[in-house]
Amino acid sequence: MTSLANCPAHGFWKRSATLMMIGPGKFGRPAVLTVKRSSKATFMPNHIVFPGGICETGDFSKSWNHSFPDFRQFNISPDAKYPDIFVNEAKDKLDEISAHIGFRITAIRELLEETGLLLDKKTGVQTVSDEFRQKVQQSPDQFCQLLKDIDAVPDIWALHDWSTWLTPLGLKQSSRRYDTQFYAVILDNVHHLQPTSDDSEVSNVEFWDVGEIFRLAMVGKLRVAPPQLYELSRLLNFQSLDELRLYAKTRNRLGTERMFPVGIRCLDGAIRVLPGDSLYPEQPDLLGKAPPIDSCSKLTVDQCMMQYPHHHRIVLKSDSNRPVIKVNIKLNLEQVGPLGANTQSTL
């Protein structure tokens, strides 16, 4: 990748976007496109993720509005709420177009680079030539012109806002951090698609039945990155594409909330709390400059669960390598919770 668009207030993380391409799987239930990160990847090597990557300057260029006039009519609900991954960028003049367009361009471009699939408004999803794919990989800032050359229009309208994740502090695997906007695109048919890996950033590309990939991850046969695992558990709520499509379209008008896991140590394990949890800070320390939260340092995990009863957290006890998601609250912005809101679910 080339130039990187950093967080406006500081350079502690990079902006990125990821795309959940969802279509019919077994018995009509949702299936989702995944890629396996290369063993040489600097972040989450050998993990299964959704296609995506960092934003490039060209993704936010005014050339998109010049080349595709319909982009000027792309609107976001005035009532929608979004984290500052969107609203702060204009202050630093990093974005020449709406960030809501730029992030969608990033997601569509990364989908093409990693899988060879182009989400085209005119023709639907198509497989591009190896030559075109290589041109985009080598010159991502020229993506706009390259699309014009083949008379294609990136279908930004098909992408539904899904969630926003900021990499937590203190990961052992890497010090890299990303503020990532997740999108969902829901297709009526994916069986004819032939995605392929780029043999560079990713080593494998395939559609998985959501229930199947989740089950295999739970028994340790697949390594799925934590945000993807959480989002897969949310997808389990939907038994059909129609049900999922209605939810995505209805909730899309509300925006997203940043999911920033905050770590808390207990006597016999640790938990990572998420927005709405009893222990979630009103102003979370995104930069790691404040002292660690010690509310549960003298409590066991079970004692912490009882003393702080509103749960939106991931729990890991010292005697287990199996994290558990606990949710007993209604999530913000009408987001459906893992395996259904007001439940606790095992990951």
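Residues numbered from 1 in each chain as written. Predicted model: local features only at pLDDT ≥ 70, side-chain atom pairs only at ≥ 80, totals over all residues. Heavy atoms only, no water.

(A) Fine view of the pairing of strand β8 (residues 178–186). Taking burial as the measure, the 9 residues of β8 include 9 buried ones, the bulk of the element. The alternating pattern of β8 places Tyr178, Thr180, Phe182, Ala184 and Ile186 and Asp179, Gln181, Tyr183 and Val185 on opposite faces, both of which are buried. In the sheet, strand β1 (residues 14–24) pairs with β8 via 9 bridges, with the strands oriented parallel. Bridge pairing links methionine 21 to valine 185 in β8. The sheet contact formed by strand β7 (residues 160–166) and β8 spans 6 bridges and is antiparallel. Each residue of the ladder has a partner; that of tryptophan 165, found in β8, is threonine 180. (Buried < 20%, exposed > 50% of the residue type's maximum accessible area, 1.4 Å probe, protein only. Helix = DSSP H or I, 4+ residues; strand = E, 2+ residues; numbered from the N terminus. Pairing = 2+ DSSP bridges.)

(B) A look at helix α8 (residues 241–251). Residues Leu241, Leu244, Arg245, Tyr247, Ala248 and Arg251 constitute the buried set of α8. The buried residues of α8 all sit within an arc of 165° when viewed along its axis, so they share a single face. Summarising the geometry of α8, the exposed residues directed more than 90 degrees from the buried face are Asp242, Leu246 and Lys249. Contact partners of the buried residues in α8: β1, β2 (30–37), β7, β8 and α7 (226–235). (Arc of directions from axis to C-beta. Contact = heavy atoms within 4.5 Å.)

(C) Quick look at the environment of proline 226. In this fold, proline 226 is placed in helix α7. The exposure class of proline 226 is partly exposed, given its relative accessible area of 48%. Measuring from C-alpha to C-alpha, the distance between proline 226 and proline 323 comes to 10.0 Å, with 97 residues separating the pair along the chain.

(D) The pairing of β2, seen in detail. By the criterion of burial, β2 is predominantly enclosed, with 7 of the 8 residues buried. Note that β1 and β2 share 3 bridges and pair antiparallel. The partner of isoleucine 22 across the bridge, within β2, is valine 32. Hairpin connection, β1 to β2: the antiparallel pair is bridged by 5 residues, and phenylalanine 27 has positive phi, about 55°. In this structure, β2 lies alongside strand β9 (residues 202–209), joined through 7 bridges in antiparallel fashion.

(E) Here's a closer look at unusual backbone geometry. The phi angle at aspartate 151 is positive, at roughly 55°, despite the residue not being glycine. Tracing the backbone through its elements, the reader meets aspartate 151 in the loop between α5 (143–149) and β7. Given a relative accessible area of 52%, aspartate 151 falls into the exposed group. Even without a glycine there, the phi angle at glutamate 334 is positive, about 60°. Take glutamate 334: it is sitting in the loop between β14 (324–327) and β15 (344–346). By relative accessible area, glutamate 334 is classed as partly exposed at 45%.

(F) Broad picture of the confidence of the model for the protein chain. Averaged over the protein chain, the pLDDT score is 87; the fraction of residues at 70 or greater is 89%. Segment residues 88–93: pLDDT under 50, and 10 contacts once partners within four positions in sequence are set aside and those in other chains are kept. The low-confidence segment residues 340–347 (pLDDT under 50) makes 31 contacts with residues lying over four places distant or belonging to another chain. (pLDDT = per-residue confidence, 0-100.)

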